[in-house]
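# What the coordinates show
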Amino acid sequence: MASAEEALGVAPEVNTTAEATKTVTQQIDPYNVAGEVDETGAVKAIDYERLIENFGVQPLTQQHLDRFEKVTGKPAHRLMRRKLFFAHRDFDKILDFYEKYGSFMLYTGRGPSSGSMHLGHTVPFLFTKELQELFDVPLVIMLTDDEKYLFTRNKNDGVQKPGSALEDFLQYSHDNIKDIIALGFDPAKTFIYTDYEYLGGHFYWNTSEFESLVTFNQASGAFGWNGSTNIGLVSYGAKQCVAAFPSSYPELYGYSDYRPPQFEPTAKRRYKPLASIPTLIPCAIDQEPYFRVLRERCERMTDPHPKTSLILSQFLTALQGPGGKMSASNPNSAIFMSDTPNQIKNKINKHAFSGGRESLEEHRKLGGNPDVDVAYTYLSYFLESDDELADLAKRYRSGELLTGEMKSRCISELQGFIGEFQKRREEVTDEVMRKFTTPRKLVFGGNPNHGGKASDQVPGVFGNAGQKANDSAAEGDKAAPGGKDGRGTKGERKAAKLAEKKAEKLALRPKKEDGEGGS
Ligand code: TRP
């Protein structure tokens, strides 16, 4: 039984700095996530409905979930069912393409701002992992050590503080990659890279072309850059954007990249068939401004790419409650994936904002509010059973379930999840990491029931699990699809031609405005 004290709500931390009280509207972009601050200086919950309107994205509806279930034959992920992934752009088009041609590419990423990941960071990855399993498609994960280095140095007025050298961010990338792997990704179909290690070749060619399509004014407008922002940060966005193009990663599809010391003649040009593969990006909605810039320019590339689809999540709230997100720089706002069972327990008990009443008597009489209760919110992310979750909410509202009891259910769930994670994390050695970070041909099945003809399939592009995989990196490098000269066999060249035609068709298809992509 919980004591009256445990039923007490912990007041949210009020940000009273002069700067915060000046901010009235909520601010969400890649570099700021903050709810509206009212006149008294109190931070309000993030208004996601308003974000949908401001960003011009579409809400994810029940029809999307139904369609998703029909296409994959599996129930939609709990994060979709509970609308924690709540918005999208062209999610329908990805499903259409998958039904028709059998595959697409998944892309997500992480800015390695520190060596330790927290619970909030795992959310898009857990979701992406499930999508990858359901669709059986290739996935690329970008670690933006360059972005974080440039951003941190910019924030510190050009001064490089201890622990913030370029090499430090590369190290954070490696630490984070190991955490990501421990969430359970399949090395056969997943490529993880850091910008400092991987960028070059066709990726860099795409970057350079993309940079030519973005003016300084456009970059400043989208990201808030100004005349005193360092130039690395101004151009960084192009890299995060072209990371969505399958043509940035030819090796993953069995084509050669153009990097010394191999100069394959075929690699002197980017591969057009790869430009016909669409991409879906699962991410938190703060990253959307990048991909708005991307979508407006996909069709202007030399080899036009279909407009990238997005599926967007809310933020895992800080322990202090709605209005902020977990932040690695505030240890009391977040539960880290390296926390001990005791730390998890103490953080939830001491810091998790409660939707319970002031006293036990009041709570019994009036009931609590699960909607603002942080322990309940975390359960809604991590508890699989819809029935149990609904039951917890019901009993909380009626006053039967106390804050202390809600917290203890949350603690046991998180201790279980993080404990399992830590066991797997111990096994992720450098060697395991290198399996994921070596560019190589990925193996994936795609949609076994897609509607296209066999001739629609470009070998190694639209589902290739039936083919022999090139597991070693060395083999992968040589492996332009078939044929010793890297030009492919006759059949493959014919198929590639067809895919090129398809790419052209895709690029020419009637353009809908972003605003009307809905269901
Ligand atoms: N900029 C992101 C961050 O700071 C990292 C990132 C790169 C990313 N590419 C992405 C996130 C694609 C989501 C999807 O976290």
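Going by the structure above, here's the rest.
Structural notes, computed from the coordinates.

Quick notes on the rules
- Residues numbered from 1 in each chain as written.
- Predicted model: local features only at pLDDT ≥ 70, side-chain atom pairs only at ≥ 80, totals over all residues.
- Heavy atoms only, no water.
- Pairing = 2+ DSSP bridges.
- Helix = DSSP H or I, 4+ residues; strand = E, 2+ residues; numbered from the N terminus.
- Contact = heavy atoms within 4.5 Å.
- Axes fitted to C-alpha atoms, helices over the stretch in contact; angles between N-to-C directions.
- Buried < 20%, exposed > 50% of the residue type's maximum accessible area, 1.4 Å probe, protein only.
- Near = heavy atom within 4 Å.
- Polar contact = N/O pair within 3.5 Å; in protein donor to acceptor, adjacent residues only side chain to side chain.
- Areas by Shrake-Rupley, 256 points an atom, 1.4 Å probe, with all protein chains shown as cover.

### What about the sheet that holds strand E9 (residues 309-313)?
To summarise the sheet geometry, strands pair through backbone hydrogen bonds and adopt either a parallel or an antiparallel arrangement. The strand order across the open sheet built from seven strands is E3-E4-E9-E8-E5-E6-E7, with neighbouring strands paired in mixed fashion. In this open sheet, the two edge strands, each paired with only one partner strand, are strand E3 (58-59) and strand E7 (190-194). Bridge count for strand E8 (residues 279-284) against E9 is five bridges, and the pairing is parallel. When the sheet's bridge partners are listed, Ile 281 is paired in E9 with Leu 310. Of the strands in this sheet, strand E4 (85-89), strand E5 (105-110), E8 and E9 touch helix H14 (residues 288-295), which is tilted by about 170° from E9.

### Section: the pairing of strand E6 (residues 139-143)
Along E6, five of the five residues are buried, which leaves the element largely enclosed by surrounding structure. Every second residue of E6 is oriented toward a common face, with Leu 139, Ile 141 and Leu 143 on one face and Val 140 and Met 142 on the other, all of them buried. Sheet topology places E5 next to E6; five bridges connect them, and they run parallel. Bridging across to E6, Thr 108 finds its partner in Ile 141.

### Points about the site of the ligand
Neighbouring residues of the ligand: 14 residues in total, closest Tyr 107, Gly 111, Glu 147, Gln 240 and Gln 287. In the model, an oxygen atom of the ligand is placed 3.0 Å from a nitrogen or oxygen of the Gly 111 main chain. With respect to the ligand, the side chain of Glu 147 contributes an N or O atom lying 2.9 Å from a nitrogen atom. Isolated, the ligand exposes 360 Å² of accessible area, and the fraction of that covered by the protein chains is 91%. Elements represented by at least two residues in the shell around the ligand include exactly E5, helix H7 (145-155) and E8. Here the shell around the ligand gets four residues from one element, more than from any other, and that element is E5.

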